[in-house]
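# Descriptive analysis of the structure
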Amino acid sequence: MEIQLLCSEGRHEKLPEKYERPESERPRLSEVCAWDNVPIIDLGCDERERIVKAVGEACKSYGFFQVINHGVSKELVERMIEVGKQFFGLPLEEKLKFYSDDPSKTVRLSTSFNVRKEKFHNWRDYLRLHCYPLSNYLPHWPSNPPSFREVVSNYCMEVRELGYRIEELISESLGLDKEYIRKVLGEQGQHMAVNYYPPCPQPELTYGLPGHTDPNALTILLQDLHVAGLQVLKDGNWLAVNPHPNAFVINIGDQLQALSNGVYKSVWHRAVVNEDNPRLSIASFLCPCDDALISPAPPLTQNAYGLPLSAPIYRPFTYKHYYNTFWSRNLDQNHCLELFKNHPP
């Protein structure tokens with residue numbers, strides 16, 4: 001059976017064959033535990049040292065954390081969720097104006113992850129948008145619903161500022177100048193994925209997204225408050241990250257793992273689906289500019305006199321090279337960053 005253009009269209013009493021994973025690759029939902037110790041960092045705290053320390057501990061031990069009092073207005077967050085739901089509620093012919101299975105498209109509606117290459121499909125439809133600079137991309141975004149461009153552009157700007165703040169905190173937590181990461185990443189690109197996971201007739205047989213790490217620098221995720229789905233790999237076990245009110249989930253991407261020389265981890269995470277309810281999530285990605293040269297920060301591998309502290313784990317690479325390599329593979333293959341390790345002498 002060929003994949004439908006969108007898995008959210010039509011009624012499904014049974015999971016289509018192309019979505020059904022073999023026994024060894026299924027999510028084993030009964031073995032997943034809720035995780036109550038997810039780091040929650042209050043960015044409204046007056047003690048910057050305390051915030052920096054908490055960010056460093058979370059990045060090192062977990063690879064992700066949640067932030068509250070983050071500066072993105074609650075009203076804007078609610079409008080963003082609503083406009084996302086409205087888009088996926090449009091008639092099929094309206095949505096299909098944006099359909100493409102070409103990952104290079106800057107505005108595209110698609111399904112699964114990479115339908116051209118993957119063997120098994122994922123129970124997800126998504127609208128992917130390039131967001132920076134806004135003036136380049138906004139005219140090509142959907143104009144239906146009518147408020148889409150206004151709401152999404154405002155959301156993108158506020159989330160970008162939040163991302164910059166978090167990058168500064170991560171820099172400081174590594175003992176680097178607070179501008180270090182931003183300088184290395186250059187004029188950062190920004191993407192967004194508005195993810196829609198429709199009700200699934202057999203959620204134990206498939207994924208919304210299988211386990212993966214993110215190829216970018218930083219991910220800022222807005223979870224559905226009413227339907228959980230995010231799971232994170234911790235100490236060999238998959239743990240459910242339940243939504244926290246007025247919070248964003250922040251996770252370290254592959255670029256920051258490389259830049260930190262492996263001190264901070266790009267966390268493996270996945271999305272599972274629900275039998276009864278749809279789920280919407282909105283992921284915003286900050287990415288190095290294409291020609292940014294990513295390598296372990298020298299202050300982490302050598303002292304002020306140029307003497308070695310620890311060997312660089314990763315060889316230098318451009319973000320464009322990394323991103324193209326990532327998209328040429330299946331999402332659930334081994335960590336793409338492994339391909340960029342220095343070989344031992």
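My aim in this report is to walk through the structure given alongside it, one point at a time. (Residues numbered from 1 in each chain as written. Predicted model: local features only at pLDDT ≥ 70, side-chain atom pairs only at ≥ 80, totals over all residues. Heavy atoms only, no water.)

All right, on to the nonpolar core then. The biggest cluster of nonpolar side chains holds 98 residues, and the ones touching the most others in it are Trp141, Tyr155, Ile170, Met192 and Phe248. For this core, the element with the most residues is helix H5 (residues 148–173), which contributes 10 residues. (Core = buried A, V, L, I, M, F, W, Y, C linked by side-chain atoms within 4.5 Å. Buried < 20%, exposed > 50% of the residue type's maximum accessible area, 1.4 Å probe, protein only. Helix = DSSP H or I, 4+ residues; strand = E, 2+ residues; numbered from the N terminus.)

Further remarks concern the sheet that holds strand S9 (residues 230–234). The sheet built from 5 strands is open, its strands ordered S1-S10-S9-S12-S7 with mixed pairing. Every other strand in the sheet has two partners, leaving strand S1 (33–34) and strand S7 (209–212) as the edge strands with one partner each. Sheet topology places S7 next to strand S12 (residues 269–271); 2 bridges connect them, and they run antiparallel. Across the sheet, Leu209 pairs through a bridge with Ala271, a residue of S12. (Pairing = 2+ DSSP bridges.)

What follows concerns empty space enclosed by the protein. Counting across every chain of the model gives 3 cavities of 30 Å³ or more. The volume enclosed by the largest cavity comes to roughly 430 Å³. Along the walls of the largest cavity sit 35 residues, with Leu209, His212, Asp214, His269 and Phe285 positioned nearest its centre. A total of 5 residues in the lining of the largest cavity trace back to one element, the largest contributor, which is strand S13 (residues 279–287). (1 Å grid on protein atoms, 1.4 Å probe; cavity = no way out; pocket = protein on both sides within 12 Å on 5 of 7 lines; lining within 4 Å. Points joined across faces, edges and corners; volume = space filled by probe spheres on them.)

Moving on: the packing of aromatic side chains. In total, this model carries 13 aromatic pairs according to the counting rule given. Ring geometry for Trp35 against Phe64: centres 5.6 Å apart, planes inclined by 55°, an arrangement best described as tilted. Of this pair, Trp35 sits in the loop between S1 and strand S2 (40–42) while Phe64 sits in strand S3 (residues 64–68), and the two are 29 residues apart along the sequence. Considered together, Trp35 and Phe64 belong to a single accessibility category, that of buried residues. Between Phe87 and Phe148, the aromatic rings sit 6.1 Å apart at their centres with planes inclined by 50°, giving tilted as the arrangement. (Phe/Tyr/Trp six-rings, centres within 6.5 Å; stacked < 30°, edge-to-face > 60°.)

Within the span of helix H9 (residues 319–327), buried status applies to Tyr319, Tyr322, Tyr323, Thr325, Phe326 and Trp327. Residues of H9 that are buried in the fold lie against strand S4 (107–111), strand S5 (125–130), strand S6 (189–197), helix H7 (254–259), S13 and strand S15 (317–318). (Contact = heavy atoms within 4.5 Å.)

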